Amino acid sequence: MMHDIRVKVNGQWVEARVPSHRRLLDFLRDDLDLTGAKEGCGGGECGACTVLVEGEPVNACLMLAVEADGADVITVEGLAEGDCLDPVQEAFVENSALQCGYCIPGMVMSAKALLVRNPSPTRGEVVEAISGNLCRCTGYARIVDAIMKAAQAERAGRTVRGDESSKPGGE
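Residues numbered from 1 in each chain as written. Predicted model: local features only at pLDDT ≥ 70, side-chain atom pairs only at ≥ 80, totals over all residues. Heavy atoms only, no water.

### A look at the nonpolar core
The following threshold applies: Only buried residues count toward a nonpolar core. Its members are Ala, Val, Leu, Ile, Met, Phe, Trp, Tyr and Cys residues joined through side-chain atoms within 4.5 Å. Burial status follows relative accessibility: with a 1.4 Å probe on protein chains alone, a residue under 20% of its type maximum counts as buried, one over 50% as exposed, and anything between as partly exposed. Each helix is a run of DSSP H or I of at least 4 residues and each strand a run of E of at least 2, with the numbering of both proceeding from the N terminus. The contact criterion used throughout is that any non-hydrogen atoms of two residues lie within 4.5 Å.
In this structure, Val 88, Phe 92, Met 107, Val 108, Leu 115, Ile 143 and Ile 147 are the most contacted members of the largest nonpolar core, which totals 26 residues. Among the secondary structure elements, those contributing two or more residues to this core are helix 2 (87-94), helix 3 (104-117), helix 4 (123-129) and helix 5 (141-156). Per-element accounting of this core gives the leading share, eight residues, to helix 3. Ignoring any residue separated from it by four or fewer positions in sequence, one finds Val 88 in contact with Val 108, Ala 111, Lys 112, Leu 115, Ala 150 and Glu 154. With 22 residues, the next largest nonpolar core counts Val 14, Val 51, Ala 60 and Cys 61 among its residues.

Laid out in structure tokens, this is it:
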């Protein structure tokens, strides 16, 4: 059975006709060519496919596209504004909090969801927030450091590098 859906993806409304069994992950990757969310385990265990649906982190491999009808979905591609990375993305780069990069989009999205609902997390809250995201390449210390640095930068209203001119509207 086919369904007509309308989903707001990264700020743009998208209308599509999808089969009942089409996963949100496949809809984003194959139909919209948004390949930031990755297929990891395919069973909601690794978090590589994490996207935000109505501001909440969701494993896109476990959600059907029809369930996202009418929802606001943000992928890692939707975080940057033009050439300016989101503070979370920038903090991951600045802290070398990545290796192969496969899990990083999911980590970034889980971190973003945390910082939106809690701009001043403790280190323990950061660890809890990314507990559904697995990384097989590196330890988690740099990832947690990056999220703490992003939180600090966002609270101060500046980028991770502290350069106001790199933010949209900056001098």
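### Describing the sheet that holds strand 5 (residues 72-74)
Counted only if it meets this: Pairing between two strands is assigned when DSSP locates at least 2 bridges connecting them. Lines are fitted to the C-alpha atoms to define the axes, a helix being fitted only along its stretch in contact, and any angle between axes, read from their N-to-C directions, falls within 0 to 180 degrees.
The sheet built from five strands is open, its strands ordered 2-1-5-3-4 with mixed pairing. Both edges of this open sheet fall to strand 2 (12-19) and strand 4 (56-59), since each of them pairs with a single strand only. In this sheet, neighbouring strand axes are inclined to one another by 40° on average, regardless of whether the strands run parallel or antiparallel. Here strand 1 (residues 2-9) runs beside strand 5; their pairing, made up of two bridges, is parallel. Within strand 5, the residue paired with Lys 8 across the bridge is Asp 72. Sitting on the sheet, helix 1 (residues 24-31) touches strand 1, strand 2, strand 3 (50-53) and strand 5, and the angle it makes with strand 2 is about 110°. With respect to the sheet, helix 3 is in contact with strand 3, strand 4 and strand 5, its orientation differing from that of strand 3 by roughly 35°.

### Structural notes on helix 2
Convention followed: In protein, a polar contact requires one atom able to donate a hydrogen and another able to accept it; more generally it is a pair of N or O atoms within 3.5 Å, and residues adjacent in sequence count only if both atoms are side-chain atoms.
The element helix 2 is largely enclosed, with a buried count of six among its eight residues. Regarding helix 2, the residues found buried are Pro 87, Val 88, Gln 89, Glu 90, Ala 91 and Phe 92. Those residues of helix 2 that are buried are in contact with helix 3 and helix 5. At the N-terminal end of helix 2, a side-chain oxygen is found 2.8 Å from the backbone nitrogen of Val 88, two or three residues along, and the residue is Asp 86. Residue Ser 96 follows helix 2 closely and has a positive phi angle near 50°.

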